[in-house]
Each structure stands twice: as C-alpha cells, then as structure tokens.
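Structural overview
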Amino acid sequence: MRFGIIGAGPIALNISKKLVENGHDVKIADARSIERLEGKELAGTPVNVNEVITNIDVLVISIPLHALPSIRNIVDQAGEDVVILDTSNYYPYRDNKIHEIEKGMVESVWVSNQLGRPITKAFNNLLAYTLEHKGTPEGTRGRIAIAIAGDNQLHKQITMNIVNELGFDPVDSGSLSDSWRQQPGTPAYCTELTKEELTEALNKANKEKAPFLRDEVMERLSAANGGYSHQDIVNLNRDIFSS
Ligand SMILES: NC(=O)c1ccc[n+]([C@@H]2O[C@H](COP(=O)([O-])OP(=O)(O)OC[C@H]3O[C@@H](n4cnc5c(N)ncnc54)[C@H](OP(=O)(O)O)[C@@H]3O)[C@@H](O)[C@H]2O)c1
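These notes cover the structure that comes with them. (Residues numbered from 1 in each chain as written. Predicted model: local features only at pLDDT ≥ 70, side-chain atom pairs only at ≥ 80, totals over all residues. Heavy atoms only, no water.)

Comments concerning the overall build of the protein chain
Of regular secondary structure, the protein chain possesses eleven helices and eight strands. Taken over C-alpha atoms, the radius of gyration comes to 17 Å for the protein chain, in line with the 18 Å a tight globule of 243 residues would show. Projecting the C-alpha coordinates of the protein chain onto the three principal axes gives extents of approximately 45 × 40 × 35 Å. Buried residues in the protein chain amount to 51% of all 243 residues. In the protein chain, 68% of the contacts between residues at least 6 apart in sequence involve partners at least 24 apart. As presented, the protein chain carries roughly 11300 Å² of accessible surface, and 47% of it is formed by carbon and sulfur atoms. The protein chain carries 25 positive and 33 negative side-chain charges, and their two centres are separated by 3 Å. (Helix = DSSP H or I, 4+ residues; strand = E, 2+ residues; numbered from the N terminus. Rg over C-alpha atoms; globule rule 2.2 N^0.38 Å. Buried < 20%, exposed > 50% of the residue type's maximum accessible area, 1.4 Å probe, protein only. Contact = heavy atoms within 4.5 Å. Areas by Shrake-Rupley, 256 points an atom, 1.4 Å probe, with all protein chains shown as cover. Lys, Arg positive; Asp, Glu negative; His and termini not counted. Charge placed at Lys NZ, Arg CZ, Asp CG, Glu CD.)

What follows is the structure, given as structure tokens:
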C-alpha cells in the first residue's frame, strides 16, 4: 500500500520503519519544514508536507494534538478514500488546555472536527518502546493488542490489518465517540495487554476519573525525573489506571 506520514517523532518513525520493512511505499514529512527531518533516522522517502498527501492510500498523522489544526489545509487535499489514521493523545501540560476537551469532548472527536473529516484512532494506546520492541507475529502467545476506533468500518478494517501486520493484535474499540475508553488515564492506555485483556480494560474505563489518573501518572513520572524504566512505566500505568 502507499502511505504518507506527517510527523517524525518516535511513533511515526517506528511505524514508517515497520511499513518499509513490510514492503510498503512510504513517504514521510514534517508538518513545519522538510529541514526538520535532517539528522533523523528515516525509513521511507522524505518529502515536503504538500507532497505527502498525493497518491496515497493511508495518511498517518503523528504530531502533538495541539498542532493538528495547523495541517487542516494539507489534509483537505487528501482524496475521500484516503484512510486518515491519527495517533495523537491529549496532554494539557503539552497541548495547553483545550476548552472543549476539558469539558468532556472525546479527544479524537475534537481532532476529527479540527480536520473536518472522519479519522481512525490507532497506535495511541501503546508506548513508542512497545511499538519498537514488542511486536510479534500473529498467533504468538501473549501478543500485545492495540485499540482501533472509528466510524468508517472499511477504514477501520484497513487500519486493523495494518496493526496486525506491524506486530500487534487489533481490537475494534468502537466508534470515535467511544474512543475515550482508550485515552490517557484509562486501563487500556499503554498497559501492554493481550486482546482479551484489552477488551476487558476498554469495558472497565471510567470517563470521569481518567483525566485525574492521567495527571497522577504524569506527576509521578516527572517527580522521578527519568528514574523509571519502560517496565516501571507500564506497571505504574497498570496500577494507577485500574484504580
Ligand atoms: N511517544 C509515545 O510513546 C506515544 C505513544 C502513543 C501516542 N503518542 C502520540 O503520538 C503523537 C506523536 O508522538 P511522538 O512522541 O511520536 O512524537 P512528538 O514528540 O509528538 O513529535 C512528533 C512530530 O511532531 C513534530 N512537531 C512537534 N511540534 C510541532 C508543532 N507545533 N507543529 C507541527 N509539528 C510539530 C515533531 O517535530 P520535531 O521533532 O522537529 O519537534 C515530530 O516530527 C503525539 O500526539 C503523541 O501524544 C505518543
């Protein structure tokens, strides 16, 4: 398949690397300037953001949530059939407080409104380290699962196939308005669960508590000043987000 990727952070770079390894055609762009790609370990072809949108089947957007409105004019140019796959999460300390989300709007619904079109939410509920190091072939015992939400069933199925190909069990987490169940602060968020465990975790999510639990984990992590290993973070998420 033909992919365009906007963003070149840890999530986008790992997705692009795995897509290229799987034989896909991948272009990658920085939302602000192609120069910002210099020095990054890229897989795929670096292009200007205006070029990333042409002749593709899937557009992966992987930039901070607050920056998403700045690429609306780019996304507007994508054909209607193009799957728009967004990996973003809302963190008020980084994204500044977004009034509508603070008032309860589901993060991906806000993203979809900002971009003016449907999106599929995926790759948001695993850490970059998990994406890079913990993918396994289909059928592996204990395989880690990823939640995929969206309103367009065909786009969701395409995204689920990609997730499977990249080493993770896809779990259909419902419509975009259900996707609060995989937002930061929920038991499904970055806790490295199997398909069965993730399905259960999505059901257990508590919308009101999630923002407080998200902030609690962030406070603990910043107080530790880098003193947590990857496994410590997963364990901390499991403890706090299920409390
Ligand atoms: N890291 C994780 O473990 C993780 C897990 C799940 C989901 N996510 C979500 O996935 C998205 C990408 O996260 P990430 O950690 O991979 O990378 P990131 O640090 O959010 O950076 C991603 C890309 O966005 C660019 N960028 C930064 N500020 C921007 C702005 N104001 N306007 C346009 N582009 C900007 C960065 O460019 P520069 O490199 O030049 O700054 C980089 O190319 C985020 O929404 C994040 O919440 C992250």
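What about the site of the ligand?
Not every one of the 25 residues close to the ligand is listed here, only the nearest: Ala 8, Ile 11, Lys 40, Ile 63 and Ala 128. One nitrogen or oxygen atom from the side chain of Arg 36 is found 2.9 Å from an oxygen atom belonging to the ligand. Within the side chain of Thr 87, one N or O atom sits 2.9 Å away from an oxygen atom of the ligand. For the ligand, whose unbound accessible area comes to 880 Å², protein coverage reaches 77%. According to the grid-proximity analysis, the pocket containing the ligand is the largest pocket. Grouping the amino acids of the shell around the ligand by side-chain chemistry returns twelve nonpolar, eight polar and five charged. (Near = heavy atom within 4 Å. Polar contact = N/O pair within 3.5 Å; in protein donor to acceptor, adjacent residues only side chain to side chain. 1 Å grid on protein atoms, 1.4 Å probe; cavity = no way out; pocket = protein on both sides within 12 Å on 5 of 7 lines; lining within 4 Å. Sits in = over half its atoms within 2 Å of the grid points. Nonpolar A, V, L, I, M, F, W, Y, C, P; charged D, E, K, R; others polar.)

Quick notes on the side chain of Thr 159
The residue Thr 159 is located in helix 8 (residues 153–165) in this model. On the basis of relative accessibility, which here comes to 0%, the residue Thr 159 falls in the buried class. Sequence-distant contacts of Thr 159, that is, excluding residues within four places in its chain, are made with Val 83, Leu 85, Thr 120, Ala 122 and Ile 148.

Digging into helix 6 (residues 107–115)
All of the buried residues in helix 6 are Glu 107, Ser 108, Trp 110, Val 111, Ser 112 and Leu 115. Tucked inside the fold, the buried residues of helix 6 contact strand 4 (58–61), helix 3 (72–75), strand 5 (83–86), helix 5 (99–102) and strand 6 (120–121). Taken from the residues just after helix 6, Gly 116 is the one with a positive phi, measuring 70°.

Side note on the packing of aromatic side chains
For any two aromatic rings, the description comes down to two numbers: the centre-to-centre distance and the angle of the planes. Counted under the stated rule, the structure contains two aromatic pairs. Aromatic side chains Tyr 189 and Phe 241 sit 6.1 Å apart centroid to centroid with 55° between the ring planes, which places their arrangement in the tilted category. With Tyr 189 in the loop between strand 8 (169–172) and helix 9 (195–204) and Phe 241 in helix 11 (residues 230–241), the pair connects residues that are 52 residues apart, well separated along the chain. On the accessibility criterion, Phe 241 (4% relative accessible area) is buried. (Phe/Tyr/Trp six-rings, centres within 6.5 Å; stacked < 30°, edge-to-face > 60°.)

As for helix 9
Each α-helix turn comprises 3.6 residues. Residues three or four places apart therefore point the same way. Leu 198, Ala 201 and Leu 202 are the residues of helix 9 that are buried. Buried residues of helix 9, seen end-on, are gathered within an arc of 100° and therefore sit on one face of the element. Exposed residues lying more than 90 degrees from the buried face of helix 9 are Glu 196, Asn 203 and Lys 204. Residues of helix 9 that are buried in the fold lie against strand 7 (145–150) and strand 8. (Arc of directions from axis to C-beta.)

Some points on unusual backbone geometry
Its identity is not glycine, yet Asn 55 carries a phi of approximately 50°, on the positive side. On the secondary structure map, Asn 55 appears in the loop between helix 2 (49–52) and strand 4.

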